[in-house]
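# Observations on chain architecture
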Amino acid sequence: MIEARFNGTWQGWRDCARALTSRHTPPWDILWNASAGSPGLFDSDELCGEGARLNVPRDFLECAPIVACHRSPEPWRVLYRLLFRITHGERHLLEIESDEDVLEFRRMEKSVRRDMHKMHAFVRFRRTADDDYIAWYRPDHDILHINADFFVRRFGSMRWAILTPTASAFWDAETLRFGPGAPHSAAPRDDELEDLWRTYYASVFNPARANVRAMTKELPVRHWPTLPEAALIPKLLAESSLRITAIERTHTRSATHFIPAGASLPVLRQAAAGCEGCDLRLYATQTVFGEGPVNARIVLVGEQPGDSEDLAGRPFAGPAGEVLDCALREAGIDREEVYVTNAVKHFKFIERGKRRIHERPRGPEISACRPWLEAELRLIRPDLIVCMGATAAQSALGRAVRIQSERGVFLPHHIGAEAMVTIHPSAILRIPDPVAAEAERVRLVADLRGAAARIRGLDNTMKLA
Ligand code: SF4
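Residues numbered from 1 in each chain as written. Predicted model: local features only at pLDDT ≥ 70, side-chain atom pairs only at ≥ 80, totals over all residues.

### Notes on the overall build of the chain
Along its length, the chain carries 16 helices and 16 strands. Sorting the 465 residues of the chain into buried and exposed places 34% on the buried side. (Helix = DSSP H or I, 4+ residues; strand = E, 2+ residues; numbered from the N terminus. Buried ≥ 20, exposed ≤ 12 C-beta atoms within 10 Å, placed from the backbone.)

Laid out in structure tokens, this is it:
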């Protein structure tokens, strides 16, 4: 039996593991000791050891550091069992979802990812006299290091510290550093931001969601001591108790309750920034509302904002937007003259290391957000709605749509316009074969040319009439 001593970090384990794997040491011969030892033998970013390159699937490389944050003795054993099997004849092991080791790996990954999401939502900073911001937070897993970049991205211009019982992160608006853990008493208890939080929470408190089971699921009780708004909960619950039952009976989660009646487009946009129609708002940076002239004759509808759009706050501002812009130009359509929006206004993603990977919105999320699209369409009253992708088509037309069978066809839309279905520009970016991608891009341009011709055709009909 070999005692593998390392410092309890992913890097430390990785260095030990690649050396052991290169020596073909089987998992049952290793006793992992995460409480001591040097960081490891090698310093490369790759899983390499003693000159031998260990070729592991990307999925493992992306998920293993997340699993390594799981607060139990298990991750190191599970990770090594998987690594050993992957590098000893079972390269596609992670694709076998029923395998015991894979199941354990995925269970731990899911638990850590959920904890990371909760931390994004529940860290509350308190301002100090020096204008620094300090938050104390108790995560379930050792996620501070892997999660700190999220707070750097979101609060990059502030000087802040996040203290947890086992580690702390410090950001001075330039450099991120880590230090030892700190007790709750090390963080300031109160500041004027608390009043702001409480005012905000009271104003957005939704009695329809004031059932304790639902609330404790979204806002776990263990986080209440660090959340200023939590002190309001008993009072708000008591005040709303009479309304709860009636509202709960009829309420399904939707953006409807956040849409002001008779609003103009700018007011709609402002209201959408505070929408809580579904949980996607908890994780995304901001609402990405549509943009373009209110008298646009064509509305282009996409699926949801991507990573770039989420940060920029504008639809189609990233790589898919570049594909769309080129296609519009080739089709003779001026982007400034069309209204561009998405079926779902918040970015849905899953975090893989430092990357946020797009995740397709589910039916309830599409339905919850549909009132925004409906409100945009009713205000703009376009002649033509171009639905880019199945999600856009489902939201705009209110039914499931098969792109290949209905593509390019002009369909009646209930607001009195026509709708046309084509592919989403990002689908072109996902086609690995450049020839096939170009063919699909040409088809998108042809669809958009058809849309432009349809508008010209409508003009001619009106002139003749
Ligand atoms: S995705 Fe739509 S419904 Fe959900 S919170 Fe965002 S704007 Fe509201």
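### Looking at the site of the ligand
In the region of the ligand, 15 residues are neighbours, and Cys275, Gly277, Cys278, His346 and Cys369 sit closest. Residue contributions to the shell around the ligand peak at 3 residues, all from helix 12 (residues 363–380). Here the shell around the ligand is composed, by residue class, of 9 nonpolar, 3 polar and 3 charged. (Near = placed C-beta within 6 Å. Nonpolar A, V, L, I, M, F, W, Y, C, P; charged D, E, K, R; others polar.)

### Here we look at the sheet that holds strand 6 (residues 133–136)
Pairing within the open sheet is mixed, and its 5 strands lie in the order 5-6-7-8-9. Two strands bound the open sheet, and with one partner strand each, they are strand 5 (126–127) and strand 9 (176–180). Pairing analysis gives 4 bridges linking strand 6 to strand 7 (residues 160–163), with the strands arranged parallel. Within the sheet, the bridge partner assigned to Ala135 lies in strand 7 and is Ile162. Across the face of the sheet, helix 5 (residues 144–154) comes into contact with strand 7, strand 8 (167–171) and strand 9 while running at roughly 25 degrees to strand 8. (Pairing = 2+ DSSP bridges. Contact = placed C-beta atoms within 7 Å. Axes fitted to C-alpha atoms, helices over the stretch in contact; angles between N-to-C directions.)

### Considering helix 4 (residues 100–122)
Since there are 3.6 residues in each turn of an α-helix, residues three or four apart along the chain are aligned in direction. Between its first and last C-alpha atoms helix 4 spans 33 Å; for 23 residues at 1.5 Å apiece the expected length is 33 Å, and the two agree. Residues of helix 4 that are buried: Asp101, Phe105, Met108, Val112, Met116, Lys118, Met119 and Phe122. Those residues of helix 4 that are buried lie in contact with helix 2 (58–67), helix 3 (74–86), helix 5 and strand 12 (349–352). (Expected span 1.5 Å × (residues − 1).)

### Here's the deal with the pairing of strand 6
Side chains Tyr133 and Ala135 of strand 6 all project onto a buried face; the interleaved residues Ile134 and Trp136 project onto the opposite face, where all are buried too. Here strand 5 hands over to strand 6 after 5 residues, with Asp131 in that stretch at a positive phi of 70 degrees.

### Re the confidence of the model for the chain
Predicted confidence across the chain gives a mean pLDDT of 85, with 81% of residues reaching 70 or more. Note on residues 37–51: pLDDT under 50 across the span, and 34 contacts to partners over four residues away in sequence or across chains. Within the model, the stretch residues 244–251 combines pLDDT values under 50 with 8 contacts to residues more than four positions away or in other chains. (pLDDT = per-residue confidence, 0-100.)

### Brief notes about helix 5
Considered for burial, the residues of helix 5 that qualify are Leu144, Asn147 and Phe151. Buried residues along helix 5 cover an arc of 75 degrees about the axis, so they all sit on one side. Along its buried surface, helix 5 packs onto helix 4, strand 7 and strand 8. (Arc of directions from axis to C-beta.)

### Thoughts on the nonpolar core
Core analysis: the biggest nonpolar cluster contains 52 residues, and Val299, Val301, Ile385, Val386 and Cys387 have the highest contact counts within it. Among the elements of the structure, strand 10 (298–302), helix 11 (319–330), strand 11 (339–342), helix 12, strand 14 (384–388), helix 13 (390–397), strand 16 (418–422) and helix 16 (434–464) are those that each provide at least two residues to this core. Of the residues forming this core, the biggest block, 8 residues, is contributed by helix 12. Excluding residues within four positions of it along the chain, Ile385 makes contact with Val299, Val301, Leu377, Ala396, His413, Ala417 and Ala419. Membership of the second largest hydrophobic core comes to 48 residues, among which are Cys16, Ala17, Tyr80 and Leu94. (Core = buried A, V, L, I, M, F, W, Y, C linked by C-beta atoms within 7 Å.)

### Considerations on unusual backbone geometry
Here the phi dihedral of His24 falls at roughly 60 degrees; this positive angle occurs in a residue that is not glycine. With respect to the helices and strands, His24 occurs in the loop between helix 1 (10–22) and strand 2 (30–33). Of note, the phi angle at Phe316 is positive, near 50 degrees, even though the residue is not glycine. Examined against the element boundaries, Phe316 turns out to sit in the loop between helix 10 (307–312) and helix 11. Judged by local crowding, Phe316 falls into the buried class, with 28 C-beta atoms found within 10 Å.

### Regarding the environment of Pro183
Its location among the elements puts Pro183 in the loop between strand 9 and helix 6 (192–204). Look at Pro183 and you get exposed, because 9 C-beta atoms sit within 10 Å. Spatially, the C-alpha atom of Pro183 lies 7.2 Å from that of Thr164, the residues being 19 residues apart in sequence.

### Quick notes on the sheet that holds strand 11
Strand pairing in a sheet relies on backbone hydrogen bonds, with the paired strands running either antiparallel or parallel. Spatially, 11-10-14-16-15 is the arrangement adopted by the 5 strands of the open sheet, whose pairing is mixed. Lying at the two open borders of the sheet, with one neighbouring strand each, are strand 11 and strand 15 (410–412). Across this sheet, the average inter-strand angle for adjacent strands is 30 degrees, counted without regard to direction. Here strand 10 pairs with strand 11 via 4 bridges, running parallel. Bridging across to strand 11, Leu300 finds its partner in Val340. Relative to strand 14, helix 13 is tilted by about 140 degrees, and along the sheet it contacts strand 10, strand 14, strand 15 and strand 16.

### Looking at the pairing of strand 2
Taking every second residue as pointing to the same face, the buried face of strand 2 carries Ile30 and Trp32, while none of Leu31 and Asn33 on the other face is buried. Bridging between strand 1 (residues 2–5) and strand 2 involves 4 bridges; their strand directions are parallel. Each residue of the ladder has a partner; that of Ile2, found in strand 2, is Ile30. Each parallel crossover has a hand, and the one from strand 1 via helix 1 to strand 2 is right-handed. (Right-handed = clockwise from strand over helix to strand, strands pointing away.)

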